[in-house]
Amino acid sequence: MKRLMIGNDAIARGAYEAGVTVATAYPGTPSTEIVSTLAHYPGVYGEWAPNEKVALEVGAGASIGGARTLVAMKHVGVNVAADPLYTFVYTGVNGGMVIVSADDPGMHSSQNEQDNRGYGRFAKLPVIEPADSQEALDFTRLAFDISEEFDTPVMLRITTRLAHSQTLVEEGEPKQAKLKEYKKDAPKYVMLPGFARGRHVAVEKRLEGLKEYSNKTDLNQIEWGDRRLGVITSGVCYQYVREVMPDISVLKLGMVNPLPDKLIREFAQGVERLVVVEELEPVIEEQVKSWGIAVEGKEHFTLLGEYSPEYLAERLGGVAQAQGYGLDKEIPPRPPLMCPGCPHRGVFHTLKRMRLKVMGDIGCYTLGALSPLDGMDACVCMGASIGMAMGMEKAEGVDPSKIVAVIGDSTFVHSGITPLIDVVYNQGTSTVIILDNSTTAMTGHQDHPATGLNIMKEPAPKLDLEALIRAIGVNHVRVVDPLQLDELRSALEEELQRREPSVIIARRPCALLVKPPTDKQMVIEDDLCTGCKLCIRIGCTGIYFIEDEKLAAINPTTCVSCEVCAQVCTFDAIKIVEG
Amino acid sequence: MAGKVMNILIVGVGGQGTLLTSRILAQVAVDLGYDVKVSEIHGMAQRGGSVVSQVRYGEKIYSPIISKGGADIILAFEKLEAARWLDYLKPDGMVIINDDRVDPLPVMSGKVKYPDDIDQRIAQMVEKTMVVDASSIAVECGNVRAANVVMVGLLAGAMGFPEEEVEKAIRAMVPPKALDINLKAFKEGHNLYSNIA
């Protein structure tokens, strides 16, 4: 029986059916569901690794140990894992290994929109790209066979639209998981220069074989139709092409590295006009051009964002779209914002009030950069905040007692520890705020080493952040409640003045994980409210401004009585009513 | 319905339950034997932002996303969101709006006024506009959070889905302790559609 599955769940199913017994990941939208789902299949060991590099290294060890292994991460996670990735391509596998790269064209939930098909050519590994959930299942299963046949890790590249679209899937029979025997083989697995030179030869030879495979495999298929136009495409773009141009000829690629050169030549010769439709980078187009084939591509299409059927119709012709309705008046935007009761809100309010330079990091709290909190100066990637605060101090252009790094608990464990060692070792004076909500909130509340639970929600040894930070050599570590703004502010004032490193752990569970209190509620005394809007500047949906009356008001359906607005009010107009 | 494709856009504010609604609707379409695709939004936008789920069903579906001017029905959990996505509606399409107002940040802070007559302005443009107070109905059923299932009832009415098929999907997807309230909410929504339409 067919059932609906998001692409990520279909990948998990495909891995299970392929006999995967080890699955590792660090959560990251749009990849998170893959390993959280896979870990629940019988016979699968799953783990949340502290970061993608560790996930891939655990995967490499499991593969060498003989297990079929899946490692999943978002596109930027592959950058973190790039070091082991490039060289694991040299060693090759024992048990098959598939690395899922979940790219995010359009940046629904990411800091960039890099195209990880590029890793295929750069790191020299095969890249497979499915176009719906059924293919996600089937291609994942097949990718393990390719991995073992060619002795290489295989990248399964998906995009947000595939990861989070549900399409119908027919499940298959799971293969009996069978460990391959481990045999010591240092020239294959120990990448000393002398051995690695030999492995590079193997990599190039393997690529020749993969190219032949790409020309023959059913992953790549020509669908002959009207030969006046032939489109080469892959992934979800294939669906968009078919939606608006059902009758044209299409070369649908399921293997995007290495490309099937002979098949592409055959297709090019069979059509009058050849166009490549690919989101983001001209990865296919440039290679086809390099073979001297006349092909069109990015002169018609943008390098930016996601495509859509209507965009393709507009650029290439095809099924005309009906004219929709439009409203003349501009609709006010609705940007995402921190939840009512979020422990991060008061922190960013305080940082802004203190006019600090804030080096931010990746998580829900990156929303602290948006109006009205406006509490962030820079944010680049996971774990960057602490090193950037150190660098800003060393540039000596900004008063070091005005610089803070702000990082979440999961992000700190991911990649914040080494830069903190740098601060201590090179005698920086940074103050680091760890926003410890005891979960990986943004991606849907996954556990991590400092929560005391594993991926299966079973008790696990809990990383003691305070002890870790002291062991690094930070002498001043303190814990504050981020909902107590006075306490937070005085801790910040004290630590910022120190001429040595310090860490403030602002600890309070994510507001989505605690039940709002039923024994109290916030009320505004209208005669005390001056309409100054200070409380509105914390950007909470629990409080709003009535313009006609020049008064603030509580929204009782969203307010969770965190009391931050009451502490911000200088006129004592916001009260807590018990009962 | 051979060859015909139905396109449903479900719009609202992160946290209003659009995901559950699209999943129930999609399951019913699967059970009725259609090819179905659903597109969802996860991650950052869910934090109180504007969210959209897209459900497409028919004999054969390619794209998981709906084009502008392509939606047969827009099911809006909030008035402003109905307006934001209105250019996705087909010229003869239907829009079902929950008469709920959730202020976005620029309105909360008093920078912009909430266009309170927005549902009336939509009704002036779109002949098939239905504005309902799903939230109040949900409160009467026992929990305001069941407003999304009241909307499922209205949608099922508009789609002509058999009641028992929808109830089956609700049973499969709603946690047991919330089931009674949700089944009641569905029934109320479904009855309301029959009364208005």
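Residues numbered from 1 in each chain as written. Chains lettered and ligands numbered in written order. Predicted model: local features only at pLDDT ≥ 70, side-chain atom pairs only at ≥ 80, totals over all residues. Heavy atoms only, no water.

## Describing unusual backbone geometry
For residues besides glycine, phi is generally negative; the peptide bonds are generally trans as well. All names here are of chain A. Here the amide bond leading from Thr29 into Pro30 is cis, since omega sits at 10 degrees, within 30 degrees of zero. By secondary structure assignment, the location of Pro30 is in the loop between β2 (22-25) and α2 (33-38). Backbone torsion omega between Ser371 and Pro372 reads 5 degrees, so that peptide bond is classified as cis. Relative to the elements of secondary structure, Pro372 occurs in the loop between β14 (357-359) and α16 (384-395). The phi torsion at Asp151 lies on the positive side, around 55 degrees, for a residue other than glycine. By secondary structure assignment, the location of Asp151 is in the loop between α7 (133-150) and β7 (154-159). Positive phi outside glycine occurs at Lys533, with the angle close to 70 degrees. (Helix = DSSP H or I, 4+ residues; strand = E, 2+ residues; numbered from the N terminus.)

## Details of the domain arrangement of chain A
All names here are of chain A. In terms of domain boundaries, chain A breaks down into domain 1 (2-216), domain 2 (221-316), domain 3 (344-513) and domain 4 (520-578). Taken together, the contact pairs 17 residues of domain 1 with 15 residues of domain 3. Both sides of the domain 1 and domain 3 interface together cover about 1300 Å² of buried area, and 65% of this is carbon and sulfur. Among the residues domain 1 hides against domain 3, the three largest losses belong to Tyr26, Trp48 and Gln111. Together they make up 41% of the total. Summed over the shared surface of domain 1 and domain 3, the number is 0 salt bridges. Linking domain 1 to domain 3 there are 3 residue pairs in polar contact (both at pLDDT 80 or more). Those elements that provide at least two residues to the side of domain 1 that touches domain 3 are α2 and β3 (45-48). Among the elements that line the side of domain 1 that touches domain 3, the one with the most residues is β3, at 3 residues. Its residues assigned to classes, the side of domain 1 that touches domain 3 shows 7 nonpolar, 8 polar and 2 charged. (Domains from an automatic or database assignment. Contact = heavy atoms within 4.5 Å. Buried area = accessible area lost by both parts, 1.4 Å probe. Salt bridge = Lys/Arg side-chain N within 4 Å of Asp/Glu carboxyl O. Polar contact = N/O pair within 3.5 Å; in protein donor to acceptor, adjacent residues only side chain to side chain. Nonpolar A, V, L, I, M, F, W, Y, C, P; charged D, E, K, R; others polar.)

## Some remarks on the environment of Ile8(B)
Residue and element names in this part refer to chain B. Among the structural elements, Ile8 can be located in strand β1 (residues 5-13). Taking relative accessible area as the criterion, Ile8 reaches 0% and is therefore assigned buried. When the C-alpha positions of Ile8 and Ile73 are compared, they lie 5.0 Å apart, and in sequence the two are 65 residues distant. Not counting residues within four places of it along the chain, the set of residues in contact with Ile8 comprises Leu25, Ser53, Gln54, Val55, Ile66, Ile73, Leu155 and Met159. (Buried < 20%, exposed > 50% of the residue type's maximum accessible area, 1.4 Å probe, protein only.)

## What to know about helix α8 (residues 179-196) of chain B
Residues and elements named next belong to chain B. For α8, built from 18 residues, the straight-helix expectation of 26 Å at 1.5 Å per residue is met to within 8% by its first-to-last C-alpha distance of 26 Å. Taken as a whole, α8 has its buried residues at Leu179, Asn182, Leu183, Ala185, Phe186, Gly189, His190 and Tyr193. Take α8 and look down its axis: the buried residues cluster within an arc of 160 degrees, on one side only. Away from its buried face by more than 90 degrees, α8 exposes Asp180 and Asn195. In this fold, the buried residues of α8 make contact with β5 (89-98), β6 (128-132), α5 (134-141), α6 (147-159) and α7 (163-173). (Expected span 1.5 Å × (residues − 1). Arc of directions from axis to C-beta.)

## Let's talk about the sheet that holds strand β16 (residues 431-436) of chain A
Strand pairing within a sheet occurs via backbone hydrogen bonds; the two strands may be parallel or antiparallel. Residues and elements named next belong to chain A. Taken together, the 5 strands give an open sheet; going across it, the order is β14-β15-β16-β18-β17, and neighbouring strands pair in parallel fashion. One side of each edge strand has no neighbouring strand; the edge strands of this open sheet are β14 and β17 (476-480). Across the sheet, the mean angle from the axis of one strand to that of its neighbour is 25 degrees, orientation sign disregarded. As defined by bridge partners, strand β15 (residues 403-408) adjoins β16 across 5 bridges and the pair is classed as parallel. Residue Gly408 lies in a different strand from β16, and its bridge partner there is Leu435. The strands touched by helix α19 (residues 465-472) are β16, β17 and β18 (502-507); relative to β18, the strand with the most contacts, the crossing angle is about 170 degrees. (Pairing = 2+ DSSP bridges. Axes fitted to C-alpha atoms, helices over the stretch in contact; angles between N-to-C directions.)

## Some details on the packing of aromatic side chains
All names here are of chain A. Per the stated rule, a full pass over the model turns up 11 aromatic pairs over all chains. Look at Tyr86 and Phe122: their rings are 5.3 Å apart centre to centre, the planes differ by 85 degrees, and that puts the pair in the edge-to-face class. Residue Tyr86 is located in helix α5 (residues 82-91), and its partner Phe122 is located in helix α6 (residues 117-123); the two are separated by 36 residues in the primary sequence. On the basis of relative accessibility, which here comes to 24%, the residue Tyr86 falls in the partly exposed class. Judged by centre distance (5.1 Å) and plane angle (45 degrees), the rings of Tyr307 and Tyr311 are tilted. Accessibility expressed as a relative area gives 17% for Tyr311, which makes it buried. (Phe/Tyr/Trp six-rings, centres within 6.5 Å; stacked < 30°, edge-to-face > 60°.)

## Overview of the interface of chain A and chain B
Each side of the interface is counted separately: chain A has 59 residues, and chain B has 61 residues. Across the chain A to chain B interface the summed buried area is about 4900 Å²; carbon plus sulfur atoms make up 59%. The largest per-residue losses of area from chain A upon contact with chain B belong to Tyr325(A), Leu327(A) and Arg334(A), which jointly make up 20% of the total buried on that side. Our enumeration of links across chain A and chain B arrives at 4 salt bridges. When the shortest N-O distance is used, the salt bridge between Arg56(B) and Glu243(A) registers 2.9 Å. For the interface between chain A and chain B, the tally reads 18 residue pairs in polar contact (both at pLDDT 80 or more). Contributing elements (two or more residues each) for the side of chain A that touches chain B: β1 (2-6), β8 (165-170), α11 (236-244), α14 (309-316) and β20 (543-546) of chain A. Ranked by residue count, the leading element in the side of chain A that touches chain B is α11(A), at 6 residues. By residue class, the composition of the side of chain A that touches chain B is 29 nonpolar, 17 polar and 13 charged. Pairing of β8(A) with strand β2 (residues 35-39) of chain B involves 3 bridges; the strand directions are antiparallel.

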